[in-house]
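This is what each chain is made of:
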Amino acid sequence: MSRQGSKLLANAVRDGSRRLFSTITMTDSTKTVISRHRQAFSGDQYYPNNNNNILMITWMRHSSSVALGDHKAAGAGAAAAAEENQQDSSSAATGGGANKKGKEIMSYWGVTPSKIVKEDGTEWKWTCFRPWETYEADTSIDLKKHHVPVTFLDKIAYYTVKALRYPTDLFFRKRYGCRAMMLETVAAVPGMVGGMLLHCKSLRRFEHSGGWIRALLEEAENERMHLMTFMEVAKPRWYERALVITVQGIFFNAYFLGYLISPKFAHRMVGYLEEEAIHSYTQFLKELDEGKIENVPAPAIAIDYWRLPANSTLRDVVMVVRADEAHHRDVNHFASDIHYQGRQLKEAPAPLGYH
């Protein structure tokens, strides 16, 4: 590479107003590649050389999605970003966070965050779910329904769940808030695993799923929202977080293999897990009614997700969560019954929106 080319390349890199990790390619007017250089660089630059040819420096983006623009716009954007970051830093130092909350994310791809308002005109503040995904839980569902284990697989599923309950009772005892968190980290796994496997099966066989992929993913999302809610009520300790990682890793792989081997067994076991969840939340309510657990105001996320009254309490939240678990119990026992009858899930319409 000539001395002139090296000088032009250094100037281009130094003058770049945006710092983007790129591969710079220098070509002359005959399109001959003069040099390639991987560097943080911005934009396309054109410089004349001593031979009155044109050196064109282009770059290929590797890890940035900043919108392309001229240097003035880039410089203004960089200055604005620097000023905004400085404001955020000073705000954080004084305990504030309004500037950071109001910061918008810029994207080259034209994907802009949508602003949604509620029926009363106030801005919707949740990004993990939207207003059309909220619902009012049916708390009148029968909580005492139970599938009596008859077959060999049913008994294995039933006693497996009973065996899993013993260490849970021993570890959490009366700490029902933390117990609920642990329960939801496990309960959110089967729907995701089942939906994923049905999704792959649908792709392999070029066939519909009867809505069961969506139904199981809805179940997983609903269980995850339970976890997000109880995170506002009880803060997990470090060893409880470590336990979650361990239990989730073991349970995910075990359930994955179980579903591959026998879907009817997998769904039956989840049905029994949901029956145990109903029992746990019933005990939670008993502790609340006896005053052993403070009946604090319901978290804001729960009020919006289940469309609860503004003055709702923790007891109201536990009531709707318990109702959700009862619905999941019915769906999974139903799915297992379909398999026991020698049929496939797609042959029975999935209970979408069954809350």
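Here the residue numbers are simple positions, counted from 1 along each chain's written sequence. Only residues with pLDDT of at least 70 get local features here, since the model is predicted, and only at 80 or more are side-chain atom pairs given and counted; chain-wide, interface and lining totals rely on the full set of residues. Water and hydrogen atoms play no part in the side-chain values, which are based on all heavy atoms of the structure.

(A) Highlighting the side chain of histidine 226. For histidine 226, the location among the structural elements is in helix α6 (residues 212-230). Relative accessibility under 20% of the residue-type maximum defines a buried residue, over 50% an exposed one, and the middle range a partly exposed one, all with a 1.4 Å probe and only protein chains included. Accessibility expressed as a relative area gives 0% for histidine 226, which makes it buried. One polar contact links histidine 226 to glutamate 325, side chain to side chain, over a distance of 3.3 Å. We call two residues in contact whenever any of their non-hydrogen atoms come within 4.5 Å of each other. Here histidine 226 is in contact with Glu184, Trp306, Val321, Asp324 and Glu325, once residues within four sequence places are set aside. Helix numbering and strand numbering both begin at the N terminus, where a helix is a DSSP run of H or I of at least 4 residues and a strand a DSSP run of E of at least 2. Pairs of N or O atoms within 3.5 Å make up the polar contacts considered here, provided that, within protein, one atom can donate a hydrogen while the other can accept it, and that residues adjacent in sequence are counted only when both atoms are side-chain atoms.

(B) Inspection of the side chain of histidine 327 at higher detail. Structurally, histidine 327 is set in helix α10 (residues 314-340). Those residues in contact with histidine 327, other than ones at most four positions away along the chain, are Asp138, Ile141, Tyr354 and His355.

(C) Region of interest: the nonpolar core. Within the largest apolar cluster, 34 residues are counted, with the highest numbers of intra-cluster contacts made by Phe230, Tyr281, Phe284, Trp306 and Val318. Those elements that provide at least two residues to this core are α5 (176-205), α6, α8 (263-289), α9 (300-305) and α10. What tryptophan 306 contacts, discounting residues up to four positions off in sequence, is Tyr135, Glu136, Ala137, His226, Thr229, Val317, Val320, Val321 and Asp324. Within the second largest apolar cluster, 27 residues are counted, among which are Tyr158, Val186, Leu197 and Val270. Here the nonpolar core consists of buried residues drawn from Ala, Val, Leu, Ile, Met, Phe, Trp, Tyr and Cys, with membership extended through side-chain atoms lying within 4.5 Å.

(D) Region of interest: a nonpolar patch on the surface. The patches reported here contain residues having more than 30% relative accessible area and no salt bridge. Joining distances are 9 Å for like charges and 5 Å for nonpolar side chains (Val, Leu, Ile, Met, Phe, Trp, Tyr). Note on areas: Shrake-Rupley with a 1.4 Å probe; residue coverage comes only from the protein chains shown. The salt bridge criterion pairs a side-chain nitrogen of Lys or Arg with a carboxyl oxygen of Asp or Glu, the two atoms within 4 Å. A cluster of nonpolar side chains, contributed by Tyr108, Trp109 and Val111, occupies part of the molecular surface with about 370 Å² of accessible area. By the element assignment, tryptophan 109 lies in the loop between α3 (98-102) and α4 (152-172).

(E) Layout of the pattern of salt bridges. What the rule picks out here adds up to 12 salt bridges. Two residues, aspartate 330 and lysine 145, come together in a salt bridge whose shortest N-O distance is 3.9 Å. Here the residue aspartate 330 occupies a position in helix α10, and lysine 145 occupies one in the loop between α3 and α4, the gap between them amounting to 185 residues. Since its relative accessible area comes to 14%, aspartate 330 is described here as buried. A relative accessible area of 43% places lysine 145 in the partly exposed class. As a salt-bridge pair, glutamate 207 and lysine 346 come within 2.7 Å of each other at their nearest N and O atoms. Note that glutamate 207 is positioned in the loop between α5 and α6 and lysine 346 in the segment after α10, a separation of 139 residues in sequence. A single salt-bridge network, built from bridges that share partners, covers Lys145, Arg329 and Asp330.

(F) Spotlight on empty space enclosed by the protein. Only protein atoms enter the 1 Å grid, on which a cavity is a set of points fitting a 1.4 Å probe that cannot get out and a pocket is an open set with protein on both sides within 12 Å along at least 5 of 7 lines, lining residues being those with an atom within 4 Å of a point. Grid points are joined across faces, edges and corners, and a volume is the space filled by probe spheres set on the points. With the rule as written, the count across this model stands at 2 cavities of 30 Å³ or more. The calculated volume of the largest cavity comes to roughly 100 Å³. Taken together, Ala215, Glu218, Glu219, Asn222, His328, Val331, Pro351, Gly353, Tyr354 and His355 make up the lining of the largest cavity. Elements that contribute at least two residues to the lining of the largest cavity include exactly α6 and α10.

(G) Inspection of the environment of histidine 339 at higher detail. In this structure, histidine 339 sits in helix α10. The spatial distance from the C-alpha of histidine 339 to the C-alpha of serine 262 is 9.1 Å, given a sequence separation of 77 residues. Setting aside residues up to four positions removed in sequence, histidine 339 forms contacts with Pro263, Lys264, His267 and Leu345.

(H) Summary view of the confidence of the model for the chain. Per-residue confidence for the chain gives a mean pLDDT of 77; residues scoring 70 or more make up 71%. Per-residue confidence from the predictor is reported as pLDDT, a score between 0 and 100. The secondary structure element of the chain with the lowest average pLDDT is strand β3 (residues 45-48), at 41, and the one with the highest is α10, at 96. Counted against residues more than four places away or in other chains, residues 16-78, with its pLDDT under 50, gives 133 contacts. In the model, residues 84-99 has pLDDT below 50 throughout and makes 10 contacts with residues more than four positions away in sequence or in other chains.

(I) Molecular detail of unusual backbone geometry. Of note in this structure, phenylalanine 206 is not a glycine but carries a positive phi near 55°. Unlike most non-glycine residues, arginine 307 shows phi in positive territory, near 55°. Tracing the backbone shows arginine 307 in the loop between α9 and α10. Arginine 307 sits in the partly exposed class, given a relative accessible area of 45%.

(J) Broad picture of the packing of α5 against helix α7 (residues 238-261). Orientation is described by lines fitted to C-alpha atoms, with helices fitted over the stretch in contact, and by angles between N-to-C directions that extend from 0 to 180 degrees. Taken N-terminus to C-terminus, the directions of α5 and α7 make an angle of 30°; their axes are 9 Å apart at the nearest point. Considering the angle they form, α5 stands roughly parallel to α7. α7 is crossed by α5, and the crossing has right-handed handedness. Judged by residue contacts, Cys178, Met182, Thr185, Val186, Val189, Pro190, Val193, Gly194, Met196, Leu197 and Leu198 of α5 engage Glu240, Leu243, Val244, Val247, Gln248, Phe251, Phe252, Tyr255, Phe256, Tyr259 and Leu260 from α7. Note on residue categories: nonpolar means Ala, Val, Leu, Ile, Met, Phe, Trp, Tyr, Cys or Pro, charged means Asp, Glu, Lys or Arg, and polar means any other residue, Gly included. Across the contact of α5 with α7, the residue classes break down as 18 nonpolar, 3 polar and 1 charged. Angles are sorted into four bins: roughly parallel if under 35 degrees, roughly antiparallel if over 145, roughly perpendicular if 65 to 115, and oblique for all others. Here is the rule for handedness: rotate from the far helix to the near one, and if that takes an anticlockwise turn smaller than a right angle the crossing is left-handed, while a clockwise turn gives right-handed.

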